[in-house]
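An overview of the molecular structure
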Amino acid sequence: MAETHVLFVEDDDVIREATQLALERVGFTVTAMPDGLLGLEAFRADRPDIALLDVMVPGLDGVSLCRRIRDESTVPVIMLSARADSIDVVLGLEAGADDYVTKPFDGAVLVARIRAVLRRFGHASGGLGGATAAEPSHGTGGALVFGDLEIDTEGMEVRRGGAQVGLTPTEMRLLLEFSSAPGTVLSRDKLLERVWDYGWGGDTRVVDVHVQRLRTKIGQDRIETVRGFGYKFRA
């Protein structure tokens, strides 16, 4: 089996070298770059399996680099930030990042988060995780139909009004969770566990930003906020 190839963009020499060594020790292949422009070149040349992007890097900042990557690929992206500042976190997630880790971080925690992202991307086409869909009509080939929204659970494609909707694997997994239980309130913690594969408590802002991104693609009224509890999908 081919080794996982990680693109790591970090301008701090000590952090970059230490993190690269830590990732290589557990079997990852790492391309480490000190700025965003070199990171973009490396991404286009190497097509890594996952990208780790520090928010504050020269040349092209991490958020802008994430947007450029997302314009070209659905490869998973984890943002790294020296602060747990809401602006940093939200900007990175809105740019298309799938998760974020706050510095300073423990190497084992970073490896666990990388593996969690890779697991869910590897299983993005793995169906509905045993949940039973209620209410929606079923089209051919495993499609779920909710009004003008059609979800092909086998081909992992979504159409709205007949037009294809481009979703990242994380957005697709989130939609599958919602569509498998329309009308059921799903808490943010439950979504973190099922979609982000967190076996521990995580930052629920990750859920909120991804829900908002999903709403812009499938319809703002399709996912309802239930204050104090979470979200539910409207069939």
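Up top you'll find the structure we're talking about.
This text gives an overview of the structure that appears in the document. Quick caveat: nothing in here was measured; it's all calculated off a predicted structure. (Residues numbered from 1 in each chain as written. Predicted model: local features only at pLDDT ≥ 70, side-chain atom pairs only at ≥ 80, totals over all residues. Heavy atoms only, no water.)

Thoughts on the environment of valine 207
Mapping valine 207 onto the fold places it in helix H8 (residues 205-218). Once the C-alpha coordinates of valine 207 and arginine 188 are considered, the two residues, 19 residues apart in sequence, prove to be 6.4 Å apart. Not counting chain neighbours up to four residues away, the residues in contact with valine 207 comprise Arg188, Leu191, Leu192, Trp196 and Tyr231. (Helix = DSSP H or I, 4+ residues; strand = E, 2+ residues; numbered from the N terminus. Contact = heavy atoms within 4.5 Å.)

Some points on the nonpolar core
Leu53, Met79, Ile151 and Phe178 are the most contacted members of the largest nonpolar core, which has 50 residues in total. Of all the elements, H8 adds the most residues to this core, at six residues. The residues contacting phenylalanine 178, other than those within four sequence positions of it, are Leu186, Leu191, Val211, Leu214, Ile223, Tyr231, Lys232 and Phe233. In this structure, Ile50, Leu52, Ile78 and Phe121 belong to the second largest nonpolar core, which totals 16 residues. (Core = buried A, V, L, I, M, F, W, Y, C linked by side-chain atoms within 4.5 Å. Buried < 20%, exposed > 50% of the residue type's maximum accessible area, 1.4 Å probe, protein only.)

A few points about the side chain of serine 81
Considering the arrangement of structural elements, one finds serine 81 in strand E4 (residues 77-81). Those residues within four positions of serine 81 in sequence are excluded, and the remaining contacts are Asp54, Val55, Asp88, Val101, Thr102 and Lys103.

Re the pairing of strand E2 (residues 29-33)
The pairing of strand E1 (residues 5-9) with E2 spans five bridges and is classified as parallel. Considered in E2, the bridge of phenylalanine 8 is made with alanine 32. (Pairing = 2+ DSSP bridges.)

Some remarks on helix H7 (residues 188-195)
For H7, the full list of buried residues reads Leu191, Leu192 and Val195. Down the axis of H7, the buried set is contained in an arc of 105°. They therefore lie on one face. Of the surrounding secondary structure, the elements contacted by the buried residues of H7 are helix H5 (107-122), helix H6 (169-179), H8 and strand E12 (230-233). A positive backbone phi angle near 60° is found at aspartate 197, which sits one or two residues after H7. (Arc of directions from axis to C-beta.)

Structural notes on the packing of aromatic side chains
Tallied over the entire structure, the rule returns one aromatic pair. Between phenylalanine 146 and phenylalanine 233, the ring centres sit 4.8 Å apart and the planes meet at 80°, which makes this aromatic pair edge-to-face. In this pair, phenylalanine 146 sits in strand E7 (residues 143-146) while phenylalanine 233 sits in strand E12, placing the two residues 87 residues apart along the sequence. We note that phenylalanine 146, like phenylalanine 233, is buried. (Phe/Tyr/Trp six-rings, centres within 6.5 Å; stacked < 30°, edge-to-face > 60°.)

Considering the sheet that holds strand E3 (residues 50-54)
The strand order across the open sheet built from five strands is E2-E1-E3-E4-E5, with neighbouring strands paired in parallel fashion. In the strand order of this sheet, the two ends are held by E2 and strand E5 (99-102), each with one partner. Taking each pair of neighbouring strands and ignoring which way they run, the sheet shows an average axis angle of 20°. As defined by bridge partners, E1 adjoins E3 across four bridges and the pair is classed as parallel. Of the residues in E3, the one forming a bridge with valine 9 is leucine 53. Sheet strands in contact with helix H2 (residues 36-46) are E1 and E2, and its direction is about 165° off that of E1. (Axes fitted to C-alpha atoms, helices over the stretch in contact; angles between N-to-C directions.)

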